[in-house]
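Observations on chain architecture
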Amino acid sequence: MAENGTDLRRMAMSKEQHNGNFTEPSPSSEQKKREREERLDIVLWKKPLITLQYFFLETLLNLKELTIKLWHRRRIVVSLLLLLALLTSAYYIEGAHQQYVLYLEKKLLWCAYWVGLGILSSVGLGTGLHTFLLYLGPHIASVTLAAYECNSVNFPEPPYPDQIICPDVEGVEGSISLWTIISKVRLEACMWGAGTAIGELPPYFMARAARLSGEEPDDEEYQEFEEMLEHAQTAQDFASRAKLAVQNLVQKVGFFGILACASIPNPLFDLAGITCGHFLVPFWTFFGATLIGKAIIKMHIQKLFVIITFSKHIVEQMVALIGAVPSVGPSLQKPFQQYLETQRLKLHHKAEGAPQSENWLSWMFEKLVIVMVCYFILSIINSMAQSYAKRLQQMSSEEKTK
């Protein structure tokens with residue numbers, strides 16, 4: 001793979017160099033840059049009508065393309081429909097198998113929920129942290145607080161996981177250990193980690209397809225990757241050196257390099273996917289290392305951090321430290337104390353008698369979730385509208401060349 005990297009740098013230099021002299025950027029590259037800037041202006045807050053129009057047209061074209069692909073694979077589609085019909089029959093027909101069907105349904109939906117949130121973190125929400133901070137992190141924190149309060153993790157199902165309530169027979173004081181809580185949240189944490197691994201596949205496939213076809217995709221991260229390779233010898237700033245370090249680690253070490261990058265919180269991991277795709281690393285080498293790193297190693301690190309942070313004695317010390325802040329400490333401490341007390345009452349079926357005043361922490365969290373969902377929807381609309389604009393530009397350039 002090192003030879004591939006050298007060849008790529010030579011090819012990149014040959015684009016800019018002719019007979020030993022550097023030339024000005026070609027008109028085609030300037031035109032592509034101009035077209036890309038025009039597409040980036042197609043967003044809802046700048047051109048709402050055009051953006052919505054392009055979004056609906058792109059949606060129709062995608063549905064048409066999907067229908068054609070399904071028709072070409074109609075045998076697989078018919079087989080899946082027959083399997084779905086059999087499962088539906090087993091679901092609705094009464095019998096002794098119903099208890100297993102219901103158990104399997106509950107587990108599959110639970111796993112699909114967390115896998116979906118993991119995919120959204122990598123693909124839809126950008127940084128890979130949003131759904132952990134908004135959903136998985138709070139879920140692990142609530143299980144941790146409840147485990148120490150109830151001295152048990154045998155929360156009844158239902159209503160758990162919708163609402164955690166202590167069992168009628170509470171456990172022995174001091175019976176909760178770190179490993180007990182880790183085991184309780186292992187399934188959802190690993191499913192979320194697996195979802196983030198699946199979400200890393202688009203950069204890999206995009207770079208792989210671009211390398212095999214020889215065409216340059218209209219992707220900012222891929223273009224940055226190519227520019228980074230072109231100027232690898234002259235990189236001075238910290239960000240460029242960090243990206244080069246990730247690229248060199250993945251390229252030279254292979255499976256274990258990918259595993260190392262995936263096992264720690266790493267905002268540059270998209271670059272690892274692009275690197276693996278560009279240098280044609282086998283799919284299972286890339287995905288296997290990513291899955292192990294994100295779903296097992298990284299998730300256990302994140303779980304340990306959240307569980308330790310929200311352990312009972314740590315939480316009490318944090319609230320006490322907030323109260324010790326001069327002037328504003330007591331006023332900041334009060335809502336945290338109220339929130340913790342309300343949660344304790346809910347865990348012991350006593351929430352009905354508690355005052356139902358809305359806590360500002362809960363209010364802020366709800367509004368943050370709403371903002372993130374709205375941002376996600378807007379980003380999808382803008383992205384699809386820009387994809388349709390790219391189609392129009394390609395059609396226009398093809399007509400000019402005729």
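For the structure itself, look to the data block above.
Cut-off values and rules
- Residues numbered from 1 in each chain as written.
- Predicted model: local features only at pLDDT ≥ 70, side-chain atom pairs only at ≥ 80, totals over all residues.
- Heavy atoms only, no water.
- Disulfide = S-S within 2.5 Å.
- Buried < 20%, exposed > 50% of the residue type's maximum accessible area, 1.4 Å probe, protein only.
- Salt bridge = Lys/Arg side-chain N within 4 Å of Asp/Glu carboxyl O.
- Helix = DSSP H or I, 4+ residues; strand = E, 2+ residues; numbered from the N terminus.
- Axes fitted to C-alpha atoms, helices over the stretch in contact; angles between N-to-C directions.
- Parallel < 35°, antiparallel > 145°, perpendicular 65-115°, else oblique.
- Contact = heavy atoms within 4.5 Å.
- Left-handed = near helix turned anticlockwise from the far one by under 90°.
- Nonpolar A, V, L, I, M, F, W, Y, C, P; charged D, E, K, R; others polar.
- Phe/Tyr/Trp six-rings, centres within 6.5 Å; stacked < 30°, edge-to-face > 60°.
- Lys NZ or Arg CZ within 6 Å of the ring centre and 35° of its normal.

With respect to the state of the cysteines
Note: disulfide means a covalent bond formed between the sulfur atoms of two cysteine side chains. Taken as a whole and assessed by the stated rule, the structure comprises 0 disulfides. Here C190 is not disulfide-linked; the sulfur of C111 is the nearest cysteine sulfur, at 10.0 Å. Residue C190 is classed as buried on the basis of its relative accessible area of 17%.

What to know about the pattern of salt bridges
A complete count under the given rule lists 4 salt bridges for this structure. Its salt-bridge partner being E65, residue R391 comes within 3.1 Å of it at the nearest N-O pair. Of this pair, R391 sits in helix 17 (residues 360-401) while E65 sits in helix 3 (residues 48-72); the two residues are 326 residues apart in sequence, bridging distant segments of the chain. Classification of R391 as partly exposed rests on a relative accessible area of 25%. When the shortest N-O distance is used, the salt bridge between K294 and E200 registers 3.8 Å. Separated by 94 residues along the polypeptide, K294 in helix 14 (residues 283-309) and E200 in the loop between helix 8 (186-199) and helix 9 (201-213) bring together distant segments of the chain. Here the two residues K294 and E200 agree in accessibility, since each one is buried.

What to know about the packing of helix 8 against helix 9
Running from N to C, helix 8 and helix 9 cross one another at 20 degrees; their axes reach a closest spacing of 5 Å. Viewed along their axes, helix 8 and helix 9 adopt a mutual orientation that is roughly parallel. Residues A197, I198 and G199 of helix 8 pack against L201, P202 and P203 of helix 9.

Brief notes about the packing of helix 8 against helix 14
Their axes nearest at 8 Å, the elements helix 8 and helix 14 cross at an angle of 140 degrees. Classified by the angle between their axes, helix 8 and helix 14 sit oblique to one another. When the axes of helix 8 and helix 14 are compared, the crossing they make is right-handed. Where helix 8 approaches helix 14, its residues R186, A189, C190, W192, G193, A194, T196, A197 and I198 are matched on the opposing element by F287, T290, L291, K294, A295, M299, H300, Q302 and K303. Of the residues assigned to the contact of helix 8 with helix 14, the class counts are 10 nonpolar, 5 polar and 3 charged.

Here's the deal with the packing of aromatic side chains
As enumerated under the stated definition, the model contains 15 aromatic pairs in all. Ring geometry for Y54 versus Y388: centroids 5.1 Å apart, planes at 55 degrees, classification tilted. With a gap of 334 residues between them, Y54 in helix 3 and Y388 in helix 17 connect regions that are remote in the sequence. Residue Y54 shares its accessibility class with Y388, and that shared class is buried. Between F205 and F283 the ring centres are 5.7 Å apart and the planes differ by 15 degrees, which places this aromatic pair in the stacked class. One end of the pair, F205, is in helix 9; the other, F283, is in helix 14, and 78 residues separate them in sequence. The class for F283 is partly exposed, based on a relative accessible area of 25%. The aromatic ring of W71 is capped on one face by R74, whose charged end is 4.5 Å from the ring centroid.

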